[in-house]
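Summary of the model geometry
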Amino acid sequence: MNRPVDPAAVGRLDAERLEARFGLRVGALLSEQAQHTPHDISERLRIAREQALSRARAARALGAAADTVVGRGHSAALARRPTWWFRVASVLPLVLLVAGLVLIDEWHDRAQIEAAADVDVSLLADDLPPDAYRDPGFVEFLQEAQ
């Protein structure tokens, strides 16, 4: 049967091939230049190279073990269930947003009520009765007075 090709796996393989080819080129250049270095430096470089290779092998073995334990390509950190601190921290921005919107709405309502109260106080404290403002003749009187 034909299986579908996973593009991520193909990209990962291409990257690994490029890394391996780059490593071989760097190793060849280092080996070529190592012939011109003094003996004590070449020995220190050889020991450092062996240590680096052993660390790389150990890292690959750990990476392969983690992939087989967790699954294809996922790290062990993502496989753990999130703690309740993580859940609270992920919900907290939403709670703060809703609380902020509620406070803004309350502030806006209070500002409208205060503005309406100021208009009411001005109308009731004026010498003219409130019915005078609805009279069309009063509007003409105000325009003629200006």
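For the structure, see preceding data.
Conventions we followed
- Residues numbered from 1 in each chain as written.
- Predicted model: local features only at pLDDT ≥ 70, side-chain atom pairs only at ≥ 80, totals over all residues.
- Heavy atoms only, no water.
- Helix = DSSP H or I, 4+ residues; strand = E, 2+ residues; numbered from the N terminus.
- Buried < 20%, exposed > 50% of the residue type's maximum accessible area, 1.4 Å probe, protein only.
- Areas by Shrake-Rupley, 256 points an atom, 1.4 Å probe, with all protein chains shown as cover.
- Salt bridge = Lys/Arg side-chain N within 4 Å of Asp/Glu carboxyl O.
- Patch = residues over 30% accessible without salt bridge, like charges linked within 9 Å, V, L, I, M, F, W, Y side chains within 5 Å.

**A few points about the overall build of the protein chain**
- Counting its secondary structure elements, the protein chain contains five helices and zero strands.
- Of the regular secondary structure in the protein chain, the N- to C-terminal order runs α-α-α-α-α.
- Out of the 146 residues belonging to the protein chain, those deemed buried represent 2%.
- Accessible surface for the protein chain amounts to roughly 13,600 Å². Of this, 64% is attributable to carbon and sulfur atoms.

**What about the pattern of salt bridges?**
- In this structure the tally under the stated criterion is four salt bridges.
- A salt bridge links Glu 43 to Arg 46, with the nearest nitrogen and oxygen atoms 2.8 Å apart. Taken together, the residues Glu 43 and Arg 46, both in helix α2 (residues 39-70) and three residues apart, mark about one turn of the helix.
- According to the relative accessible area criterion, Glu 43 is partly exposed, its value standing at 29%.
- A relative accessible area of 36% means that Arg 46 is categorised as partly exposed.
- Here the salt bridges do not stand alone but share partners, grouping Glu 43, Arg 46 and Glu 50 into one network.

**Focus on a nonpolar patch on the surface**
- Nonpolar side chains collect at one region of the surface, where Leu 94, Leu 97, Val 98, Leu 101, Val 102 and Ile 104 lie side by side and expose about 580 Å² of accessible area between them.
- We classify Leu 101 as exposed; its relative accessible area is 53%.

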